[in-house]
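Below are the chains, spelled out letter by letter.
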Amino acid sequence: MKIRLDAIDWHILKELQADGRITNVELARRVGISAPPCLRRVRALEEAGLIRGYRTLLDEKQLGFDVTAFAMVGLHSQTEADLLAFETQVKAWPEVRESYMLSGEVDFLLKCVVPDLQSFQNFIIRDLTAAPNVDNVRTALTIRQTKNEAAVPVEHID
């Protein structure tokens, strides 16, 4: 079921996405309504699944995770059972922070975050290429991140 959003709902989503720690009172002030209806709207957005959760974004480099790399994975078989089995395996690997099933020449794109190059190499050799159904793996190391917007561009929707 798709929920109908009005301008206030969009504004709430924009504000929460920018600052998930904002108080309900401050959120209500910013969107121009009182606190009780603001809280009801936030809860409705959560219940509808539009707000999936709240998290803290950490600086991986300051925590010792100096390498971000991508692995492009081709599978032998793309049957639904084989795809689900690979997805289950991917969820168990802590090095993989994001995973996307793709169309085209590559079946999966995995974003990996690790402390160093040796850790990435170990993961590729020990885990990824050894996984059942993996046919080939191509990797790319990042040089620098030029954009990191984990948010949905709601500022363009009003």
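Refer to the structure printed above.
Report follows, based on the coordinates. Because the structure is predicted, anything quoted here is derived from the model rather than measured. (Residues numbered from 1 in each chain as written. Predicted model: local features only at pLDDT ≥ 70, side-chain atom pairs only at ≥ 80, totals over all residues. Heavy atoms only, no water.)

Within the protein chain, the secondary structure is distributed over 5 helices and 4 strands. Each helix (α) and strand (β) of the protein chain, taken in turn from the N terminus, gives the series α-α-α-β-α-β-β-α-β. C-alpha atoms of the protein chain, sized along the principal axes, occupy 55 × 40 × 25 Å. Looking at the protein chain as a whole, 28% of its 158 residues qualify as buried. Carbon and sulfur atoms form 52% of the exposed surface of the protein chain, whose accessible area is close to 11200 Å². (Helix = DSSP H or I, 4+ residues; strand = E, 2+ residues; numbered from the N terminus. Buried < 20%, exposed > 50% of the residue type's maximum accessible area, 1.4 Å probe, protein only. Areas by Shrake-Rupley, 256 points an atom, 1.4 Å probe, with all protein chains shown as cover.)

Moving on, we get to helix H3 (residues 35-47). Between its terminal C-alpha atoms H3 stretches 18 Å, which fits the 18 Å expected from 13 residues at 1.5 Å a residue. Cys38, Val42 and Leu45 are the residues of H3 that are buried. On an axial view of H3, the arc spanned by its buried residues comes to 60°, and they lie on one face. Facing away from the buried side of H3 by over 90 degrees, the exposed positions are Arg40 and Glu47. Two residues or fewer past H3, Gly49 is found with a positive phi of approximately 85°. (Expected span 1.5 Å × (residues − 1). Arc of directions from axis to C-beta.)

Below, the discussion takes up the sheet that holds strand S4 (residues 134-141). On the basis of which strands lie adjacent, the open sheet formed by 4 strands has the order S2-S3-S1-S4 and antiparallel pairing. Taken across any chain shown, the strands that pair with only one partner, and hence form the sheet edges, are strand S2 (96-101) and S4. Shown here is a sheet whose adjacent strand axes are inclined to one another by a mean of 20°, direction ignored. Where strand S1 (residues 67-75) lies against strand S3 (residues 108-114), 7 bridges are found, and the strand directions are antiparallel. Within S3, the position partnered with Val67 by the bridge is Val114. Contacts from helix H5 (residues 117-128) reach S1, S2, S3 and S4, with the element oriented near 170° to S4. (Pairing = 2+ DSSP bridges. Axes fitted to C-alpha atoms, helices over the stretch in contact; angles between N-to-C directions. Contact = heavy atoms within 4.5 Å.)

Side chains of nonpolar character tend, in soluble globular proteins, to be buried together. Counting residues in hydrophobic clusters, the biggest one holds 20 residues, and the most contacted among them are Val73, Phe86, Trp93, Leu110 and Leu128. If one sorts the elements of this core by residue count, S1 sits on top with 5 residues. Beyond its immediate chain neighbours, meaning those up to four positions away, Leu110 contacts Ala69, Phe70, Ala71, Val73, Phe86, Val90, Val96, Glu98, Ser99 and Leu128. Leu27, Ala28, Leu45 and Ile51 belong to the second-largest nonpolar core, a separate cluster that totals 11 residues. (Core = buried A, V, L, I, M, F, W, Y, C linked by side-chain atoms within 4.5 Å.)

So, on to helix H4 (residues 80-92). With 13 residues, H4 extends 19 Å between its outermost C-alpha atoms, agreeing within 8% with the 18 Å of an ideal straight helix rising 1.5 Å per residue. All of the buried residues along H4 are Leu83, Phe86 and Val90. Down the axis of H4, the smallest arc covering the buried residues is 65°, so these residues share one side. Away from its buried face, by an angle of more than 90 degrees, H4 presents the exposed residues Glu80, Ala81, Thr88, Lys91 and Ala92. In the core, the buried residues of H4 are packed alongside S1, S2, S3, H5 and S4.

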